[in-house]
Amino acid sequence: MKHIIGGKPAAGRTPPEAPAARIVEVDAESAGQRLDNFLIRHLKGVPKTHVYRIIRSGEVRLNKGRTSADARVAPGDLVRLPPVRVSDKVLDKAERPAPAREFPILLEDEHLIAIDKPAGTAVHGGSGVSFGVIEQLRQARPQARFLELVHRLDRETSGILLVAKKRSALTHLQDQFRGRETGKTYLALVSGHWPGNKKVIDTPLHKYLQEDGERRVRVTTPDDPDGMRSVTLVKVRSQLAPRPLQGLPAMSLLEVTIKTGRTHQIRVHLSSQGHPIAGDDKYGDFDLNRRLQKQGLKRMFLHAWRLQFDHPASGERLELRAELPPELTAFLSDDPAHA
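Keep in mind the model is a prediction, meaning the values are calculated, not measured. (Residues numbered from 1 in each chain as written. Predicted model: local features only at pLDDT ≥ 70, side-chain atom pairs only at ≥ 80, totals over all residues. Heavy atoms only, no water.)

**Points about the nonpolar core**
Stated formally: Among the buried residues, those of types Ala, Val, Leu, Ile, Met, Phe, Trp, Tyr and Cys that are joined through side-chain atoms within 4.5 Å form a nonpolar core. Summary of the burial criterion: residues with accessible area below 20% of their type's maximum are buried, those above 50% are exposed, and those between are partly exposed, where the area comes from a 1.4 Å probe applied to protein chains only. The criterion used for residue contact is that any of the two residues' heavy atoms lie within 4.5 Å.
Core analysis: the largest hydrophobic core is formed by 27 residues, its most contacted members being Ile 266, Leu 270 and Ile 277. Filtering out sequence-adjacent residues up to four positions away, Ile 266 remains in contact with Tyr 186, Val 256, Ile 258, Ile 277 and Leu 302. Judged by nonpolar contacts, the second largest core, of 18 residues, contains Leu 35, Phe 38, Ile 55 and Val 79.

And the structure:
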């Protein structure tokens with residue numbers, strides 16, 4: 001859909017089409033959506049504060065009448081969108097779209113796509129990343145009317161990622177994630193021998209910003225008003241013997257199931273127990289990471305291995321698995337215990 005852009009073009013840029021209002025008809029996929037969310041989707045790059053301003057001012061009309069941000073749209077409704085300004089940054093992004101890319105597919109039907117996300121690829125643009133999985137997938141599938149992330153994975157984490165192809169699927173799946181009705185199990189390699197009797201980590205986490213604006217998380221106490229209860233279950237899959245010639249300690253391959261989906265939860269919980277994830281550049285053992293890189297492990301060893309959820313249309317309980325990618329199996333195969 002073509003966006004209407006107003007204002008004076010930057011020097012050297014081809015002037016966009018003349019500012020004009022447009023009428024958008026609400027389709028079945030948007031049925032029941034709040035007006036503000038509908039506008040944010042159609043006015044990409046426009047600050048949310050401006051979206052609310054044009055609603056309050058009456059510039060946005062719903063079926064020719066004034067409306068409010070919390071109004072619900074229905075199929076066939078006509079929404080008037082006024083001409084809006086977007087920043088040069090947004091224009092630059094529009095002129096240099098994300099490269100189209102498909103990803104390994106674990107499951108696809110008319111409701112959802114389950115992909116096996118590679119490490120090093122962000123799930124979406126932002127925070128210094130111009131594009132991610134969702135932008136690349138949309139470019140690869142220009143005919144797709146609706147593609148939205150159901151949940152997120154850290155950039156350096158590989159494994160199962162769900163994308164909804166319908167709004168109804170998106171809301172149904174996100175409700176399951178919020179209601180802790182999904183089963184999410186990761187494979188993580190940590191330094192040291194994980195004690196077999198340490199099966200539950202139930203420690204609150206606190207999000208904060210460093211001086212440089214980087215987001216970080218730390219464990220905290222139950223009486224911290226900003227702490228979020230976080231529960232992680234740990235099962236030892238195998239133990240790796242030390243590799244003294246390579247300067248590597250004993251290590252443990254863990255199956256980690258999260259009962260809560262906090263930011264960096266697995267990374268912080270495991271590190272707080274004295275067993276940081278191999279290759280973790282935020283919460284790991286940086287000296288060990290350098291030695292691991294020399295032995296071929298050039299990424300964080302954290303992989304979203306198994307996901308259980310109810311299909312958003314049929315209600316059938318599904319279990320998906322994404323086996324370890326080659327670069328992680330290769331590192332394990334160098335260990336005699338995994339040969």
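**Looking at the packing of aromatic side chains**
To keep it simple, the criterion reads: Pairing of aromatic rings covers Phe, Tyr and Trp, the last counted by its six-membered ring, and requires centre-to-centre distances within 6.5 Å; plane angles under 30 degrees mean stacked, over 60 mean edge-to-face, and any other angle means tilted. Throughout this description, the term charge over a ring refers to an Arg CZ or Lys NZ atom that lies within 6 Å of the ring centre and within 35 degrees of the ring normal.
Throughout the structure, instances matching the rule amount to zero aromatic pairs. Taking NZ or CZ as reference, Arg 237 lies 4.8 Å from the ring centre of Trp 305, over its face.

**Observations concerning the sheet that holds strand β3 (residues 78-81)**
This is how the line gets drawn: Strands qualify as paired when DSSP identifies two bridges or more between them. Starting at the N terminus, helices and strands are each numbered in turn, a helix being any DSSP run of H or I of at least four residues and a strand any DSSP run of E of at least two. Inter-axis angles, ranging from 0 to 180 degrees, are taken between N-to-C directions of lines fitted to C-alpha atoms, where helices are fitted over the stretch in contact.
Read from one edge of the open sheet, three strands run β1-β3-β2, paired in antiparallel fashion. Pairing within the sheet leaves two strands with one partner each, and these edge strands are β1 (22-25) and β2 (61-62). Two elements, β1 and β3, share four bridges in a ladder whose sense is antiparallel. Within the sheet, the bridge partner assigned to Arg 22 lies in β3 and is Leu 81. The sheet strands contacting helix α1 (residues 35-42) are β1 and β3, and the helix crosses β3 at an angle near 55°.

**Focus: helix α2 (residues 48-56)**
What counts here: Here the arc refers to the directions that run from the helix axis out to each C-beta atom.
All of the buried residues in α2 are Val 51, Ile 54 and Ile 55. Angularly, the buried residues of α2 cover 105° about the axis, an arc narrow enough to put them on a single face. Exposed positions of α2 whose direction lies more than 90 degrees from the buried face are Thr 49 and Arg 56. For α2, the secondary structure elements touched by its buried residues are α1. Of the residues trailing α2, Gly 58 is marked for its positive phi of about 90°.

**Let's talk about the environment of Gln 273**
Using the following cut-off: Counted as a polar contact is a pair of N or O atoms within 3.5 Å, where, for protein atoms, one must be capable of donating a hydrogen and the other of accepting one, and residues adjacent in sequence contribute only when both atoms are in side chains.
Topologically, Gln 273 is positioned in the loop between α6 (265-272) and α7 (286-294). Separated by 79 residues in the primary sequence, Gln 273 and Trp 194 place their C-alpha atoms 9.1 Å from one another. Contacts of Gln 273, omitting those with residues within four sequence positions, involve Trp 194, Lys 198 and Ile 201. Within the structure, Gln 273 has its side chain in polar contact with the side chain of Ser 272 (distance 3.5 Å).

**Regarding the side chain of Gln 265**
Counting through the fold element by element, Gln 265 comes out in helix α6. Among the polar contacts listed, one links the side chain of Gln 265 to the side chain of Thr 232, at a separation of 2.8 Å. In this structure, Gln 265 is in contact with Leu 205, Ser 230, Val 231, Thr 232, Ile 258, Lys 259 and Thr 260, ignoring residues within four places of it in sequence.

**Remarks on unusual backbone geometry**
Generally, phi is negative for residues other than glycine and the peptide bonds are trans, each holding for most cases. In this structure, Asn 63 takes a positive phi of about 55° despite not being glycine. Mapping Asn 63 onto the fold places it in the loop between β2 and β3. The phi torsion at His 264 lies on the positive side, around 55°, for a residue other than glycine. Residue position: His 264 is located in the loop between β13 (251-258) and α6.

**Describing α7**
Of the positions making up α7, those classed as buried are Leu 288, Asn 289 and Leu 292. When α7 is viewed along its axis, its buried side chains cluster within an angular range of 105° and face the same direction. In α7, the exposed positions that point more than 90 degrees away from the buried face belong to Arg 290 and Lys 294. Here the buried face of α7 lies against β8 (183-191), β13 and α8 (326-333). Its side-chain oxygen placed 3.2 Å from the backbone nitrogen of Asp 287, Asp 285 serves as the N-cap of α7. At the C-terminal side of α7, Gly 296 shows a positive phi close to 100°.

**Let's talk about the pairing of β13**
Among the eight residues in β13, eight count as buried, and that is most of the element. Burial of the side chains of β13 extends over both faces: Met 251, Leu 253, Glu 255 and Thr 257 are buried on one face and Ser 252, Leu 254, Val 256 and Ile 258 on the other. As paired strands, β8 and β13 are joined by eight bridges and run antiparallel to one another. Note that in β13 the partner of Thr 185 across the bridge is Thr 257. Where strand β12 (residues 231-240) meets β13, eight bridges bridge the pair, whose relative direction is antiparallel. The residue bridging Val 236 from the neighbouring strand is Leu 254, located in β13.

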